[in-house]
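# Architecture at a glance
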Amino acid sequence: MGTAKAAVNRERRKSREIFERGEKVLVGGVNSPVRAFRSVGGDPLVMERGLGARIYDADGNEYLDYIGSWGAMLLGHAHPAVTAAIVEQAQRGTSYGATTELEVELATRITRAVPFIEKIRFVSSGTEATMSALRLARAFTKRDLVVKFEGCYHGHADSFLSQAGSGLATLGIAACPGVPQALAELTLNAPYNDLNAVERLFALHSGKIAAVIVEPIAANMGVVQPEAGFLPGLRELTRKNGALLIVDEVITGFRLHFGAAQTLLGVEGDLTTMGKIIGGGLPAAAYGGRAEIMNLVAPLGAVYQAGTLAGNPLAMRAGCATLEALSAPGKYEALNALAEKFVTELRQVLAKSGVPGHINAQGSLATLFFCDGPVRNYDDAKRSDTARYANFFREMLNRGIFLSPAQFEAMFLSMAHTPEDIAATVAAVRESLQALRT
Ligand SMILES: *Cc1c(COP(=O)(O)O)cnc(C)c1O
């Protein structure tokens, strides 16, 4: 893994050829809309392999990867221990439709790291985790309404698709067709960081709100941090009104330290969802919380929720190997120190460039918004100049840096990024911002 990058071949002939074939048989040539290049122009890259902090497209171009499968690859691509675990498990069979010790092991690792999660149910995607957590909260409280925050994303289940952050914002979708009006009416939106708005909703819908769901650090409208008092305020409001607090840690779980972001932020939700990192790059996610609530889920209770591939042995092995590697001393300290240096240097470069911009960052999550700060909610984020972001994205891509093809996402740093990678990226940002001015 040399640090000197070969010049990127901008024609990407093979990527284009594969993508054109893909468009005939895959919707938009992608299996998740956030992978499309709609808002930045050009065809999406077709990826062939990844190693550490780098990914390689079908034309053999090398990129420093700041998507990392949208945060899942905290250890970087093809981490040796994770790869070995997957290979070993594959030789024993990949799915049984029966319980394995691996599920117990991964659940034990997670509950030890996050003690207020007493019991867990594994599912295959973050979408399933949040959808199931909401069903459970509705059953537990015998209420129907849910409060979410504008710009927060909780997967693509019907109840969460209004004002739901990056994927929809990038495509200009405010309300999703196909979601029954009757169901959409059960979802209430409030601006992120606005406790008064939540208080008003509780007053207006007294005794009817089952749950408030929140990203503890929003990362799907770009990174937006909770202001002091916001999360504790939600905790207090939900408790006072007999509603549950669902903390969606699908991105933040195990991202900032070995455990939940909630622990760092001084709040404990009734239910927590996780995904991305805990599957080590394979499809696994989870919801969990106090036993008193979780015991309502089938087979102990009547809240039905199931999955043929839930707790899949390959994914559980990858998850266990990932958490094992993450629990080694100093891993997070090194990552967070590197991230802090990265963000400090980005801020300096941005300030010198004269390009209006604002950087929100927490640990290894960061967003450069092309607007003047501060950015404390979705309305602020939407003031960003997305055309300028598109140009920035292309300038960076041509310098071998793979960022999200949308303004409203985080840059994900991994533990495989090195100080040299960071220096190369900062240099590319300096040049790209310069290019935007000319
Ligand atoms: C990615 C994400 C989800 C959805 O997870 P999938 O595995 O893509 O279904 C839910 N919540 C948050 C906060 C996410 O970032």
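So, a few notes on the structure that sits alongside this text. In this text the structure is predicted, and so the values were computed from the model without any measurement.

## A short note on the sheet that holds strand β12 (residues 365-369)
The strands making up a sheet are joined through hydrogen bonds of the backbone, oriented either antiparallel or parallel. Sheet architecture is open: 3 strands sit in the order β11-β12-β14, paired in antiparallel fashion. Since the sheet does not close on itself, it has two edges, and those belong to β11 (358-362) and β14 (411-412), each with one partner. Sheet analysis places β12 next to β14, joined by 2 bridges and oriented antiparallel. Following the sheet pairing, Ala-366 is matched in β14 by Met-411. Across the sheet, helix α12 (residues 331-353) lies against β11, β12 and β14, angled at about 175° from β11, the strand it touches most.

## So, the sheet that holds strand β9 (residues 271-274)
Strand order in the open sheet formed by 7 strands is β4-β10-β9-β8-β7-β5-β6, with mixed pairing between adjacent strands. Two strands bound the open sheet, and with one partner strand each, they are β4 (119-123) and β6 (187-190). Averaged over all neighbouring strand pairs, the angle between strand axes comes to 20°, with direction disregarded. Relative to strand β10 (residues 285-289), β4 is paired through 5 bridges, and the arrangement is antiparallel. Bridge pairing in β10 places Phe-122 opposite Ala-286. Against the sheet, helix α3 (residues 101-113) contacts β4 and β9, and its axis sits at roughly 125° relative to β4.

## A short note on the nonpolar core
One finds Tyr-66, Phe-254, Leu-326, Phe-392, Leu-403 and Leu-433 to be the most contacted residues of the largest nonpolar core, which totals 83 residues. Both domains that meet at this core, namely domain 1 (13-65 + 330-437) and domain 2 (80-326), each give it at least three residues. Non-local contacts of Leu-403, meaning those with residues more than four positions away in its chain, are made with Tyr-66, Ile-67, Tyr-389, Phe-392, Phe-393, Met-396 and Met-411. Membership of the second largest hydrophobic core comes to 31 residues, among which are Leu-145, Ala-197, Val-212 and Phe-230.

## Let's talk about the site of the ligand
Every residue near the ligand is listed here: Ser-125, Gly-126, Thr-127, Tyr-153, His-154, Gly-155, Glu-215, Asn-220, Asp-248, Val-250, Ile-251 and Lys-276. The separation between an oxygen atom of the ligand and a polar main-chain atom of Gly-126 is 2.8 Å. One of the side-chain N or O atoms of Asp-248 is found 2.7 Å from a nitrogen atom in the ligand. Of the residues assigned to the shell around the ligand, the class counts are 3 nonpolar, 6 polar and 3 charged.

## Focus: the environment of Leu-335
Summarising the element assignment, Leu-335 is placed in helix α12. Remark: the alpha-carbon pair of Leu-335 and His-417, spanning 82 residues in sequence, is separated by 8.4 Å. If near-sequence neighbours (up to four positions away) are discounted, Leu-335 is found in contact with Leu-74, Arg-255, Ser-364, Leu-413, Ser-414 and Met-415.

## Points about unusual backbone geometry
Look at the link from Ala-298 to Pro-299: it is a cis peptide, with omega at 15°. Within the fold, Pro-299 resides in the loop between α10 (291-294) and α11 (313-326). With omega at -10°, the peptide bond leading from Gly-373 into Pro-374 counts as cis. Tracing the chain through its elements places Pro-374 in the loop between β12 and α13 (378-381). A positive phi angle, near 60°, is found at Trp-70, a position not held by glycine. Mapped onto the elements, Trp-70 comes out in the loop between β3 (62-65) and α2 (80-90). For Trp-70, a relative accessible area of 16% gives the class buried. Residues other than glycine seldom take positive phi values, yet Lys-276 does so here, at roughly 40°. Here Lys-276 shows up in the loop between β9 and β10.

Rules used in this analysis
- Residues numbered from 1 in each chain as written.
- Predicted model: local features only at pLDDT ≥ 70, side-chain atom pairs only at ≥ 80, totals over all residues.
- Heavy atoms only, no water.
- Pairing = 2+ DSSP bridges.
- Helix = DSSP H or I, 4+ residues; strand = E, 2+ residues; numbered from the N terminus.
- Contact = heavy atoms within 4.5 Å.
- Axes fitted to C-alpha atoms, helices over the stretch in contact; angles between N-to-C directions.
- Core = buried A, V, L, I, M, F, W, Y, C linked by side-chain atoms within 4.5 Å.
- Buried < 20%, exposed > 50% of the residue type's maximum accessible area, 1.4 Å probe, protein only.
- Domains from an automatic or database assignment.
- Near = heavy atom within 4 Å.
- Polar contact = N/O pair within 3.5 Å; in protein donor to acceptor, adjacent residues only side chain to side chain.
- Nonpolar A, V, L, I, M, F, W, Y, C, P; charged D, E, K, R; others polar.

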